[in-house]
Amino acid sequence: MKYLLKSNPEPCAYSVINGNKDNRRLNGTIYFYNTPFGGTLVEAEVDGLPVNPDNPVAFYGMHIHENGDCTLPFDKTGDHYNPSSSPHPEHAGDLPPLLGNYGYAYTVFYTDRFNIDEIAGRSIIIHSSPDDFTSQPSGNSGTKIGCGIIQKTDNCSAC
């Protein structure tokens, strides 16, 4: 990722993802970078996603939730982060889905919906199903199968 942000190649925040009791192998790291043109670049790498042997390629919902509490079964994370009280899928915490291939997913995307100070201390959730981008209030994305708390790094003072 260092080649994409030469002016600030280190992440300003990260989240270590762990799976629920039914997905103990699920793990990953999500990095958040400030950009020189505003907004946030998000880099996610997740492994151990559940795999359907008949269709090993699948989408999984990914959202930032209000509360930074990943106590199992991830029921204390609250709703999607939505400071503007917008309808779904316009919440600040509504993220693009993860595309898993044999349980592994890697994605990078840019968003201007939040900055790192606004999301630090909140949780990021991986869901068992893709977000349908329609259903209210949260996209019908299934069970919360992975969770991590977003933490600032020491690099953020330079961001």
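Keep in mind the model is a prediction, meaning the values are calculated, not measured.

So, how was this worked out
- Residues numbered from 1 in each chain as written.
- Predicted model: local features only at pLDDT ≥ 70, side-chain atom pairs only at ≥ 80, totals over all residues.
- Heavy atoms only, no water.
- Helix = DSSP H or I, 4+ residues; strand = E, 2+ residues; numbered from the N terminus.
- Rg over C-alpha atoms; globule rule 2.2 N^0.38 Å.
- Buried < 20%, exposed > 50% of the residue type's maximum accessible area, 1.4 Å probe, protein only.
- Contact = heavy atoms within 4.5 Å.
- Disulfide = S-S within 2.5 Å.
- Core = buried A, V, L, I, M, F, W, Y, C linked by side-chain atoms within 4.5 Å.
- Patch = residues over 30% accessible without salt bridge, like charges linked within 9 Å, V, L, I, M, F, W, Y side chains within 5 Å.
- Areas by Shrake-Rupley, 256 points an atom, 1.4 Å probe, with all protein chains shown as cover.
- Salt bridge = Lys/Arg side-chain N within 4 Å of Asp/Glu carboxyl O.

**Q** What is the right way to read the overall build of the chain from this model?
**A** Summing up its helical and strand segments, the chain has one helix and ten strands in all. Each helix and strand of the chain, ordered N terminal to C terminal, gives the series β-β-β-β-β-β-β-α-β-β-β. Taken over C-alpha atoms, the radius of gyration comes to 15 Å for the chain, in line with the 15 Å a tight globule of 159 residues would show. Dimensions along the principal axes, computed over C-alpha positions, put the chain at roughly 45 × 35 × 25 Å. Counting only residues that meet the buried cut, the chain has 44% of its 159 residues in that class. Sequence-distant contacts, at least 24 apart, represent 67% of the contacts inside the chain between residues at least 6 apart.

**Q** I would appreciate a short explanation of the state of the cysteines in the present structure.
**A** Two cysteines whose sulfur atoms are joined by a covalent bond form what is called a disulfide. Summed over the entire model, instances satisfying the criterion amount to one disulfide. Here C70 pairs with C147 through a disulfide, and the sulfurs are 1.9 Å apart. Because the sign of the S-S torsion sets the handedness, a value of about -70° for the bond joining C70 and C147 places this disulfide among the left-handed ones. You can see C70 sitting in the loop between β5 (62-65) and β6 (98-101) and its partner C147 sitting in strand β9 (residues 144-149), a full 77 residues away along the chain.

**Q** Looking at this structure, I do not really get the nonpolar core. What am I missing?
**A** Looking at soluble globular proteins, one finds that nonpolar side chains tend to be buried together. With 26 residues, the main nonpolar core has F32, M62 and I124 as its most contacted residues. Elements represented by at least two residues in this core include exactly β1 (13-19), β2 (27-34), β3 (40-47), β5, β7 (105-111), α1 (116-119) and β8 (123-127). With three residues, β3 is the single largest residue contributor to this core.

**Q** Before we go on, may I ask you to explain a nonpolar patch on the surface in this structure?
**A** Judged by side-chain polarity, V57, F59 and L99 come together as a nonpolar surface patch covering roughly 250 Å² of accessible area. Tracing the chain through its elements places F59 in strand β4 (residues 57-60). Classification of F59 by relative accessible area gives partly exposed; the value is 42%.

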